[in-house]
Each structure stands twice: as structure tokens, then as C-alpha cells.
Amino acid sequence: MCDTIVVKRPEGVLFAKNSDRDPNESQFLEWHPRRAYEPGATVDCTHITIPQVERTWATLLSRPFWMWGAEMGTNEHGVTIGNEAVFTNQPYAKRGLTGMDLIRLALERADSAAGAVAAIKDLLETHGQGGGAGYENPKFTYHNSFIVADPGSAYVLETAGKLVAIESVTEGVRSISNGLTIPGFAGAYRDRLRTRVAGCDIRIGLTTRLASKAGGVADLMAVLRSHGTGRWPHYNLINGTLHMPCMHGGGVVAGSLSTASWVADLTPGAIRHWVTATSSPCVGIFKPVAVDRPIDLGPIPGGEFTETSVWWRHERFARAVLADPERLPQSYFAERDRIEKGWIEDPPPSAAAFETADQLLDKWSSGLEASKPADVRPFWVRAYWAKRDRLMGVYGASAVVGVLWLSLLAGEHC
């Protein structure tokens, strides 16, 4: 479950997305250079193989570790795309392109937002969408909607099977979430029950209201960090935190974690991107990145903790914090916000930014481990996270006592 936002302004376009997926589904940044291909070449997508084009553009992707496609990304022309799972009354195919495949293919093949919209539409008509797109539940499938932007334009593209609706965003804020929204199309094809459980309309209302006040990327970072009416998450028994943009799991029926976040300023001649490359933007930091400046972030992570992964090192910290958020001193946010503000005003090289973020993470992780373990969340949330922590493979020192206790309490029933 995700949120994607675009703000169309006279001077350019602002873009923001939280990628909300399963808690142990690590995500990583991946740079791909421009490439040329021989006639007859093919490309292996997540579930199917399709013909390759003659050449592909350079891309920067944020990709769930087990997929070929990406949750969000950009290319050398400034085309930037994010997608949403949507639930419709049309049949779900067992095989086809995933929404993430469609993002990556469109970024590789299109040099404008309009071209990317046309590419997605053509790929859907030719190959269809389908196949499992869940990590915890490999059979979980859905249809997709997209925000597609470049420095001069933005579009909403919504799908129901091979059916497509397209809306041009001419000014102001447009936000999408886990439900169809284009008038007429939504009325005909929206699955109302699953859309309601996903918290779609609540989040669209919140992100639209908050983004309407945005004057720049810092304001959109704040939108992605929002927990709605409270400073910290409040949990619903049925769907956990699906009613807030910054998600932290915890639902008995449904739940997602904000596994990565992206904000872009697509001002012509001055395109800039910031990413967390980690979960939980509320306790993460946005780092500057660029398509033409790849950096080495280590090996591709998986579904279990590893010290070599930027994503997993931060995840260990985030889980310790969210068990009892008030343990994190206000000085953390003051320091993080000061550094982030400086990076927005004058972006350093990406490698230097990631190194600084790592140092900050080490500093505040040590402070948490020195404090008393606690977990103040509702019992069903503690049970939800006990299972994911066991699957994660290692626990932060500050949380190990609580996790072991919860593991005994929860058994294998959550």
C-alpha cells in the first residue's frame, strides 16, 4: 500500500512517493547506464519475458530485492514514476507484467512523461498485467495506477486489467493511493471493499491537504513522514497503520511498512532527487542522488538482516525506535533536520551523504541500546512484529528481551 503525490507548479513539478510493502522486503537503489541491444534481444521481467527495444535510457531505480521491476524511479530525461496497487472488479491474471515491471520498462524506453504513459498503455495492451506481487504472500496480486512526471508535465494513469484511464495534471496537487480515482473509471471498476480496507480515501485526503501547502521538497518530505493526527503511529486492529502515509504495519487483516521514500524537484535545468533508501521516513534521512552519479551501496540485500545492507542497518534501528518512540531524544531530529536542510540547499556528493547518514545511524543506535528495552504498542502490534523480527534473523540489543517474550506469546499464529 502506497502514496504518490505530484505538485504541478509554473516553475516545474514536485514528486513524492512512499513505497509501502511487507516489513522484511528490503529495497535498494540500482543504477543502470544507457544501453543498446541487438535485434531479437529479450528482457526477463519478474514473471514473463518480452522483446527488448533497440536501446534503453539510463535509469535510477528503487527496487524490492526479489523483483525485476521498481517501485519508483527516474531516468536521464527526468521522467519520474511511482505506482500504486489498486483493487478492481476486473479479473486478475496469473501471469503478466507487474506494476513495478511497467515502471522500469517505461523509464528505460521513454524520454518524456507523455512517452512513458504511451509505453505503459502499449505494454498493457500487448502483454497484460498480472502475477504475484507480494513478498510474504507470493500469490497476492493487484492492478496498478501510476503518477508519471517530467519537468514540464504530469499524468495519472489508472488501470483495471487491460483497461486504462489517463488524466493530465495541469496545476496544483494530485495524490493517488490504493484505489481508482479518475471519475467515471473509478465508478465503473473500483472494488469498494478492498479499497476501503486499504485506507485509500483517508490517505488521499490527508496527503492532498498537506501537499497543497508545499513550497518545496522539504514540505513533501514532511508529508511522507506524516502519521496523520498524531506525532507517532496509532494502530487500527484491522489494518494497522494504513490510514497514515508513514506506515508501520500492525494490522490483523492488512498491514504495510513504508519500506522506501523518494522526493524529486523536477525543475527544468535543475532536476534533483532525494531518497531515504531505508524504511520509516519518520526516523530516516533523505539523501541526494542522481542518475548520472552511481555509488556503491554494497551487495543486494535479501529478506534477512545483514550488516552490509544500508536498508537492514537502518531497519534494526527503526524497529527499536518504533517499539517506544519517545525513547528517541529530540536532539536526534534537530540534528537530522539540520543536516537534511543543508543538503537540500547545497547537495553534497551522494557517497558523502550516505556516509554521514551512516555515522548518524551508528551514533543514535548506540544511544538506544544503552536505554531500557520497552514496547508500548498494542498487544496485536507486538505479536505482528514478533513474527517479522524472528524472520528478520537478528534483533537490536535494546529489543531482544521483548522480542523473545513476544515470540513465546505469539507462537506461530500471527
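Residues numbered from 1 in each chain as written. Predicted model: local features only at pLDDT ≥ 70, side-chain atom pairs only at ≥ 80, totals over all residues. Heavy atoms only, no water.

S.K.: Teacher, can you tell me more about the environment of G199 here?
M.R.: Examined against the element boundaries, G199 turns out to sit in the loop between α4 (192-197) and α5 (200-211). For the pair G199 and T241, spaced 42 residues apart in the sequence, the C-alpha separation amounts to 8.8 Å. Residues contacting G199, with those up to four places away along its chain left out, are N239 and L242. (Helix = DSSP H or I, 4+ residues; strand = E, 2+ residues; numbered from the N terminus. Contact = heavy atoms within 4.5 Å.)

S.K.: In this structure, what is going on with unusual backbone geometry? I would like to understand it.
M.R.: With a phi close to 60°, A277 is a non-glycine residue in the positive phi region. The exposure class of A277 is buried, given its relative accessible area of 9%. (Buried < 20%, exposed > 50% of the residue type's maximum accessible area, 1.4 Å probe, protein only.)

S.K.: Hey, could you run me through the pairing of strand β2 (residues 12-21) in this one?
M.R.: In the case of a regular strand, side chains alternate between the two sheet surfaces. The buried fraction of β2 is high, at 10 of 10 residues. Here strand β1 (residues 3-9) pairs with β2 via seven bridges, running antiparallel. Bridge assignment links K8 to a residue of β2, and that residue is V13. Count of turn residues in the β1/β2 antiparallel hairpin: two residues. Pairing geometry for β2 and strand β15 (residues 257-266), over nine bridges, is antiparallel. (Pairing = 2+ DSSP bridges.)

S.K.: Help me out: how do you make sense of the nonpolar core in this one?
M.R.: One broad trend across soluble globular proteins is that nonpolar side chains are buried collectively. Counting residues in hydrophobic clusters, the biggest one holds 32 residues, and the most contacted among them are V6, L29, L60, W262, V275, V289 and F354. A total of four residues in this core trace back to one element, the largest contributor, which is β15. Dropping the residues within four chain positions of it, V6 is found in contact with V13, L14, I147, A149, A154, V169, G172, V173 and R174. Listed in part, the 27 residues of the second largest apolar core include V43, A70, I103 and L107. (Core = buried A, V, L, I, M, F, W, Y, C linked by side-chain atoms within 4.5 Å.)

S.K.: Please clarify how the packing of aromatic side chains should be interpreted in this entry.
M.R.: Centre-to-centre distance and the angle between the planes together describe a pair of aromatic rings. Counted under the stated rule, the structure contains 11 aromatic pairs. For the ring pair W311 and W312, a centre distance of 4.8 Å and an interplane angle of 85° mean the geometry is edge-to-face. Judged by centre distance (5.6 Å) and plane angle (90°), the ring pair of F379 and W380 falls under edge-to-face. Of the aromatic side chains, those joined through ring pairs into one cluster are W232, F317, Y332, F333 and W364. We note R388 situated over the ring of Y384; from NZ or CZ to the ring centre the distance is 3.9 Å. (Phe/Tyr/Trp six-rings, centres within 6.5 Å; stacked < 30°, edge-to-face > 60°. Lys NZ or Arg CZ within 6 Å of the ring centre and 35° of its normal.)

S.K.: It is not clear to me how the sheet that holds strand β16 (residues 272-275) should be interpreted in this structure. Could you clarify?
M.R.: What links the strands of a sheet is backbone hydrogen bonding, and the strands pair in either a parallel or an antiparallel sense. Spatially, the six strands line up as an open sheet ordered β14-β1-β2-β15-β16-β17, and their pairing is antiparallel. On the outer flanks of this sheet lie β14 (172-176) and β17 (287-289), each paired with one strand and no other. When strand polarity is set aside, the average angle formed by the axes of neighbouring strands in this sheet is 20°. Strands in contact with helix α6 (residues 217-224) are β1, β2, β15 and β16; relative to β15, the strand with the most contacts, it is inclined by about 165°. Strands in contact with helix α9 (residues 350-369) are β16 and β17; relative to β17, the strand with the most contacts, it is inclined by about 160°. (Axes fitted to C-alpha atoms, helices over the stretch in contact; angles between N-to-C directions.)

S.K.: Could you clarify how one ought to interpret the sheet that holds strand β9 (residues 72-75) in this entry?
M.R.: Read across the sheet, seven strands follow the order β3-β8-β9-β10-β11-β12-β13 without closing on themselves; strand pairing throughout is antiparallel. Here the strands that pair on one side only, and so sit at the sheet edges, are β3 (27-32) and β13 (163-168). Between one strand axis and the next, the sheet turns through 20° on average, direction left out of account. In terms of strand pairing, strand β8 (residues 59-64) meets β9 through four bridges, oriented antiparallel. Across the sheet, S62 pairs through a bridge with M72, a residue of β9.

S.K.: Before we go on, may I ask you to explain the environment of V275 in this structure?
M.R.: Counting through the fold element by element, V275 comes out in strand β16. Taking the relative accessible area as the measure of exposure, V275 reaches 1% and is therefore buried. Sequence separation of V275 and A16 is 259 residues, and the distance between their C-alpha atoms is 9.7 Å. If we ignore the near neighbours within four places in the chain, the residues touching V275 are L29, S261, W262, I285, F286, K287, V289 and F354.

S.K.: Sorry if this is basic, but what is going on with the state of the cysteines here?
M.R.: Each disulfide consists of a covalent bond between the sulfur atoms of two cysteine residues. One pass over the structure, following the stated rule, counts zero disulfides. Residue C45 stays outside any disulfide, its sulfur separated by 19 Å from that of C2, the closest cysteine. C200 carries a free sulfur, and the closest cysteine sulfur to it, the one in C2, is 12 Å from it. For C200, a relative accessible area of 0% translates into the label buried. (Disulfide = S-S within 2.5 Å.)

S.K.: Any chance you could explain the pairing of β13 here in plain terms?
M.R.: Inspection of the sheet shows strand β12 (residues 153-160) paired to β13 by six bridges, in the antiparallel sense. From the neighbouring strand, T159 faces β13, where its bridge partner is V164.

S.K.: For this particular structure, what's the right way to read helix α1 (residues 99-109)?
M.R.: The periodicity of an α-helix, 3.6 residues per turn, causes residues three or four places apart in sequence to face the same way. Summarising burial for α1: 10 of the 11 residues are buried, a large majority. Those residues of α1 that sit buried are G99, M100, D101, L102, I103, R104, L105, A106, L107 and E108.

By themselves, these are just geometric observations and shouldn't be taken as functional.
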